[in-house]
Amino acid sequence: MREHDLHLEFESAFDDTDDKRWKAKKSRRPADDAEPTRRGRMTEEEKLRVARVREDQLSEADTPEDGDRWSTWGDAEHGPKPYPGWLVTELAAVDRELGIVKTGKEADVFLLERAMPDRSCLLAAKRYRSNDHRMFHRDSGYLEGRRMKKSRETRAIANRTAFGRNLIAEQWAVAEFAALGRLWQIGAPVPYPVQRSGTELLLEFIGDDEGNAAPRLAQARPDEDELLDLWRQLVAALMVLAEAGLAHGDLSAFNLMVHDGRLVLIDLPQIVDLVANPRGREFLERDVRNVSAWFSGRGLPSEIADPAALIEMLLDVAGLR
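The shown structure was predicted, so the numbers you read here are calculated from the model rather than taken from an experiment.

Here is what the cut-offs are and how they apply
- Residues numbered from 1 in each chain as written.
- Predicted model: local features only at pLDDT ≥ 70, side-chain atom pairs only at ≥ 80, totals over all residues.
- Heavy atoms only, no water.
- Helix = DSSP H or I, 4+ residues; strand = E, 2+ residues; numbered from the N terminus.
- Contact = heavy atoms within 4.5 Å.
- Areas by Shrake-Rupley, 256 points an atom, 1.4 Å probe, with all protein chains shown as cover.
- Phe/Tyr/Trp six-rings, centres within 6.5 Å; stacked < 30°, edge-to-face > 60°.
- Buried < 20%, exposed > 50% of the residue type's maximum accessible area, 1.4 Å probe, protein only.
- Patch = residues over 30% accessible without salt bridge, like charges linked within 9 Å, V, L, I, M, F, W, Y side chains within 5 Å.
- Salt bridge = Lys/Arg side-chain N within 4 Å of Asp/Glu carboxyl O.
- Lys, Arg positive; Asp, Glu negative; His and termini not counted.
- Charge placed at Lys NZ, Arg CZ, Asp CG, Glu CD.
- Polar contact = N/O pair within 3.5 Å; in protein donor to acceptor, adjacent residues only side chain to side chain.
- Pairing = 2+ DSSP bridges.
- 1 Å grid on protein atoms, 1.4 Å probe; cavity = no way out; pocket = protein on both sides within 12 Å on 5 of 7 lines; lining within 4 Å.
- Points joined across faces, edges and corners; volume = space filled by probe spheres on them.
- Nonpolar A, V, L, I, M, F, W, Y, C, P; charged D, E, K, R; others polar.

S.K.: Sorry if this is basic, but what is going on with the overall build of the protein chain here?
M.R.: In terms of regular secondary structure, the protein chain is built from 9 helices and 11 strands. Residue pairs in contact within the protein chain that sit at least 24 positions apart in sequence constitute 62% of those at least 6 positions apart. Carbon and sulfur atoms form 49% of the exposed surface of the protein chain, whose accessible area is close to 18600 Å².

In structure tokens form, the structure reads like this:
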């Protein structure tokens with residue numbers, strides 16, 4: 001083997017191999033293929049901009065006449081089997097956006113219709129924000145102790161470059177999709193996680209057939225009997241999580257929906273492992289006190305909505321007493 005080949009083989013063990021090979025290719029490129037106006041390495045922002053332009057061009061070239069895009073089911077990570085009967089999984093289906101459902105600190109939720117000529121379903125498209133928006137307010141705790149496979153990705157996240165923030169957004173999407181899949185399988189009242197593609201989650205739409213989203217618990221005005229029933233549903237849901245050694249981690253009346261009298265837990269990227277997380281008990285106690293205060297404020301007797309008693313019961317179920 002020639003000395004030059006040995007040198008290239010030695011270089012391939014390092015993270016910047018791609019950059020070095022790119023420079024070598026560029027130096028061998030014919031003059032008429034050169035980019036005389038660009039000097040130096042592309043920034044992460046420029047790489048993302050170019051990628052978005054290419055995606056837009058591809059999308060415009062292959063857009064269905066009666067929708068915004070073809071179904072992305074074929075290229076996505078799927079939810080747990082068996083798939084619900086209402087779900088449209090045909091690759092020939094068309095996705096059409098019907099409007100925005102909710103804006104949030106880390107993600108926006110849109111209403112999406114996935115349709116075939118003979119049937120359709122409504123989905124909630126949750127899209128995590130990345131480099132164009134504010135930092136995730138909980139990302140430092142979530143990412144603590146995690147490392148990416150590539151050291152340059154680790155550095156990008158640590159330095160909060162545009163590329164790093166996009167990686168953080170995808171990690172949040174991955175975490176929520178995995179949490180929803182696990183909770184769905186153990187019988188927790190959560191939306192069915194349909195698919196994940198990058199930073200976009202498609203979830204079961206919690207609302208009516210006309211596309212009206214169910215209200216948050218914070219917006220509900222239940223009567224006395226409804227209030228007691230919702231409290232019992234909440235306790236049952238928290239028991240399911242505790243039996244699995246989990247806590248929501250950010251539970252409040254704004255992260256619960258009420259649809260046809262049924263309580264549904266949402267917004268779960270930060271779900272907490274009560275055993276592995278050193279602050280697990282703290283998160284569980286905060287969850288319980290937040291929701292107990294809401295129920296007490298709506299008139300549920302304090303002996304029923306007793307946070308201390310519920311906390312002790314959940315810790316016991318989780319095997320932490």
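Continuing now.
S.K.: What is the right way to look at the packing of aromatic side chains in this model?
M.R.: Aromatic ring pairs: the centre-centre distance and the angle between the two ring planes describe each pair. The tally for this structure, following the rule as stated, stands at 5 aromatic pairs. Here the aromatic rings of Trp-86 and Tyr-192 are separated by 6.4 Å at their centres, their planes lie at 90°, and the arrangement is edge-to-face. Taken together, the residues span a long stretch of sequence, with Trp-86 in the loop between strand E2 (77–78) and strand E3 (94–103) and Tyr-192 in the loop between helix H6 (162–185) and strand E6 (193–197) at a distance of 106 residues. Taking relative accessible area as the criterion, Trp-86 reaches 33% and is therefore assigned partly exposed. With a relative accessible area of 0%, Tyr-192 lands in the buried category.

S.K.: Would you mind going over a negative patch on the surface with me for this structure?
M.R.: On the surface, Asp-223, Glu-224, Asp-225, Glu-226 and Asp-229 cluster together to form a negatively charged patch. Within the secondary structure layout, Asp-223 lies in the loop between strand E7 (200–204) and helix H7 (224–243). Judged by relative accessible area, Asp-223 falls into the partly exposed class, the value being 43%.

S.K.: Would you take a moment to explain the pattern of salt bridges for this structure?
M.R.: A pair can form between side chains of opposite charge whenever their charged atoms are brought close. Under the defined criterion, the tally for this structure stands at 15 salt bridges. Here Glu-77 ties to Arg-196 by a salt bridge, and the two come within 3.0 Å at their closest N and O atoms. Taken together, the residues span a long stretch of sequence, with Glu-77 in strand E2 and Arg-196 in strand E6 at a distance of 119 residues. Owing to a relative accessible area of 14%, Arg-196 belongs among the buried residues under this scheme. The partner of Arg-129 in a salt bridge is Asp-108, with the nearest N and O atoms 2.8 Å apart.

S.K.: Explanation requested: the side chain of Arg-129 in the structure shown.
M.R.: Along the polypeptide, Arg-129 turns up in the loop between strand E5 (120–128) and helix H4 (139–143). Within polar-contact distance, the side chain of Arg-129 engages the backbone oxygen of Gly-104 at 3.0 Å.

S.K.: Sorry if this is basic, but what is going on with unusual backbone geometry here?
M.R.: Both trends apply: most residues other than glycine have a negative phi, and most peptide bonds are in trans. That bond from Lys-81 to Pro-82 is cis: its omega, 0°, falls within 30 degrees of zero. The residue Pro-82 is located in the loop between E2 and E3 in this model. We note that Asp-260 has phi near 50°; this positive angle belongs to a residue other than glycine. Looking at where Asp-260 falls in the secondary structure, it is placed in the loop between strand E9 (256–259) and strand E10 (262–265). Judged by its relative accessible area of 73%, Asp-260 falls in the exposed class. Although it is not a glycine, Asp-267 sits at a positive phi angle of roughly 55°. Here Asp-267 shows up in the loop between E10 and strand E11 (272–273).

S.K.: Help me understand the pairing of E5, please; the structure alone is not making it clear to me.
M.R.: Residues in a regular strand project their side chains so that they alternate between the two faces of the sheet. Taking burial as the measure, the 9 residues of E5 include 8 buried ones, the bulk of the element. Linking strand E4 (residues 107–115) to E5, which pair antiparallel, is a turn of 4 residues. Of the pairings in the sheet, the one linking E5 to E7 comprises 5 bridges and is antiparallel in character. Its bridge partner being in E7, Ala-124 is matched across the sheet by Leu-203.

S.K.: Can you walk me through the environment of Ala-107 in this structure?
M.R.: Of note, Ala-107 is situated in strand E4. Between the alpha carbons of Ala-107 and Ala-125 there is a distance of 9.9 Å; along the sequence they are 18 residues apart. Those residues in contact with Ala-107 that sit more than four places away from it in its chain are Lys-126, Arg-127, Tyr-128 and Arg-129.

S.K.: What should I look at first to understand the sheet that holds strand E1 (residues 69–70) in this one?
M.R.: Strands belonging to one sheet form pairs held by backbone hydrogen bonds; the direction of such a pair is parallel or antiparallel. In space, the 7 strands of this open sheet follow the order E1-E3-E4-E5-E7-E6-E2, with antiparallel pairing throughout. Looking at which strands have only one partner, the edges of the open sheet turn out to be E1 and E2. In the sheet, E2 pairs with E6 via 2 bridges, with the strands oriented antiparallel. In the strand pairing of E6, His-78 is matched with Gln-195.

S.K.: Please explain the environment of Leu-284 as it appears in this structure.
M.R.: Mapped onto the elements of the fold, Leu-284 is located in helix H8 (residues 280–297). Assessed through its relative accessible area of 4%, Leu-284 is described here as buried. When the C-alpha positions of Leu-284 and Val-272 are compared, they lie 8.4 Å apart, and in sequence the two are 12 residues distant. Leave out the neighbours within four places in its chain, and Leu-284 touches Ala-247, Leu-274, Ile-311 and Leu-314.

S.K.: Looking at this model, I keep getting lost on empty space enclosed by the protein. Mind explaining?
M.R.: Picture a little ball the size of a water molecule; that probe, rolled over the atoms, points out where space is still empty. The full count for this structure, using the stated rule, is 2 cavities of 30 Å³ or more. Here the largest cavity defines a volume of roughly 60 Å³. Lining the largest cavity are Leu-238, Leu-241, Ala-242, Leu-246, Ala-247, His-248, Leu-284, Asp-287, Val-288 and Leu-314. Breaking the lining of the largest cavity down by element, the ones donating at least two residues are H7, strand E8 (246–247) and H8. Split by residue class, the lining of the largest cavity holds 8 nonpolar, 1 polar and 1 charged.

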